[in-house]
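# Results of the structural survey
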Amino acid sequence: MSSSDSSTIQNILKKKIKTPLIWIVIFITIGLTSLFYVSQKQQAVVYNRYVENLSEYKFLETRLMRSLEKTRVGAIEDSSKTVAQIMSLREIVISISSSIENFRLQGDWMPPSSDVLLFEREIFGKTAAMRQYLTKRNHWSRQVKIINDTLYKIPEVETGILLSCLDSARLGFTPSLPVTKNISPEIIASIKNLLAENEELSVLWNRFDDDNALMLSENLLQAFKIKSINDEIFKSRVPQVFYFLSIILLLSTLFFVFRSKT
């Protein structure tokens, strides 16, 4: 390249450095850089992980309720597995809640804090009621078994009525004490206490036998799913924007080049 050609290029650059082309290049470069940065964020992976965790929560709660149902009817004597399920349910909710708040502090999108806090409080109350019910129901079932063994040894027709009453209570109903005449007052008093305790346990059961927690978890799950889908849609449009801005940059460059020659 000759010195005259080099000086000509320098003159053109000095002359055109103040033209709109420079601003167009600057703005498009900033836009392309921003798009590239946004396109590299892998938030969809994070959202999908929360979807998996919330789905796992729903599965754990359903399995836990089955275990508690078996405890209610006295089909499970060793409650250690059920206790472990309750703790697992509580721990996964704490993990989800704390992780969401950590990402929120980093400036990432997350569901509203009120929804997360409401879900967390619901689970804390639910698991506390479950643990309380589990302990009391196991003790109640042992006492019923003792009374049943005693009633089986009494050769009276009325024992069948009392056994049926206790069996109904075992299944979760709240029957009243039937009227009997030939059963000892001590046994009747014990059965009366068991039926009264069964009513208290029924109230305690109703504290966690609902779909509130599942509904709240489903709301969070759907929020993450929708956000993940929206991000995927946005990322699918990024190449189109890249192409559009590149075309603008090319056309602007050609326009100012030809204009400089006129």
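Now for a description of the structure that goes with this document. What you see is a predicted model; the values in this text were computed from it and never measured. (Residues numbered from 1 in each chain as written. Predicted model: local features only at pLDDT ≥ 70, side-chain atom pairs only at ≥ 80, totals over all residues. Heavy atoms only, no water.)

### Here we look at the overall build of the protein chain
Within the protein chain, the regular secondary structure consists of 8 helices and 0 strands. Reading the protein chain from its N terminus to its C terminus gives the helix and strand order α-α-α-α-α-α-α-α. Across the 262 residues of the protein chain, 34% fall into the buried class. Counting contacts in the protein chain only where the partners sit at least 6 residues apart, residues at least 24 apart contribute 79% of the total. Counting every atom, the protein chain has about 16200 Å² of accessible surface; 60% of that belongs to carbon and sulfur. (Helix = DSSP H or I, 4+ residues; strand = E, 2+ residues; numbered from the N terminus. Buried < 20%, exposed > 50% of the residue type's maximum accessible area, 1.4 Å probe, protein only. Contact = heavy atoms within 4.5 Å. Areas by Shrake-Rupley, 256 points an atom, 1.4 Å probe, with all protein chains shown as cover.)

### Digging into the side chain of Ser228
Considering the arrangement of structural elements, one finds Ser228 in helix α8 (residues 212–261). Residue classification places Ser228 among the buried residues on the basis of a relative accessible area of 8%.

### Brief notes about the pattern of salt bridges
Evaluated as defined, the whole model comprises 7 salt bridges. Ionic pairing is found between Lys58 and Glu218, a salt bridge with its closest N-O pair at 2.5 Å. You can see Lys58 sitting in helix α3 (residues 43–72) and its partner Glu218 sitting in helix α8, a full 160 residues away along the chain. On the accessibility criterion, Glu218 (25% relative accessible area) is partly exposed. Lys126 serves as the salt-bridge partner of Asp210, at 3.8 Å between the closest nitrogen and oxygen. You can see Asp210 sitting in the loop between α7 (185–208) and α8 and its partner Lys126 sitting in helix α5 (residues 113–152), a full 84 residues away along the chain. (Salt bridge = Lys/Arg side-chain N within 4 Å of Asp/Glu carboxyl O.)

### Comments concerning a positive patch on the surface
Taken together, Arg63, Arg66, Lys70 and Lys81 make up a surface patch of like positive charges. No other element matches α3, which puts 3 residues into the positive patch. In this fold, Arg63 is placed in helix α3. Take Arg63: its relative accessible area is 37%, and that puts it in the partly exposed class. (Patch = residues over 30% accessible without salt bridge, like charges linked within 9 Å, V, L, I, M, F, W, Y side chains within 5 Å. Lys, Arg positive; Asp, Glu negative; His and termini not counted. Charge placed at Lys NZ, Arg CZ, Asp CG, Glu CD.)

### Details of the packing of aromatic side chains
Evaluated as defined, the whole model comprises 9 aromatic pairs. Here Trp109 and Phe224 contribute two aromatic rings whose centre-to-centre distance is 6.0 Å and whose plane-to-plane angle is 90 degrees, an arrangement assigned as edge-to-face. Here the residue Trp109 occupies a position in the loop between α4 (80–105) and α5, and Phe224 occupies one in helix α8, the gap between them amounting to 115 residues. Directly above the ring of Phe124 sits Arg90, whose terminal nitrogen or CZ lies 4.3 Å from the centroid. Stacked on the ring of Trp140, the Lys or Arg Arg137 has its end atom at 4.1 Å from the ring centre. (Phe/Tyr/Trp six-rings, centres within 6.5 Å; stacked < 30°, edge-to-face > 60°. Lys NZ or Arg CZ within 6 Å of the ring centre and 35° of its normal.)

Functional significance is not addressed by these values, which are geometric in nature.
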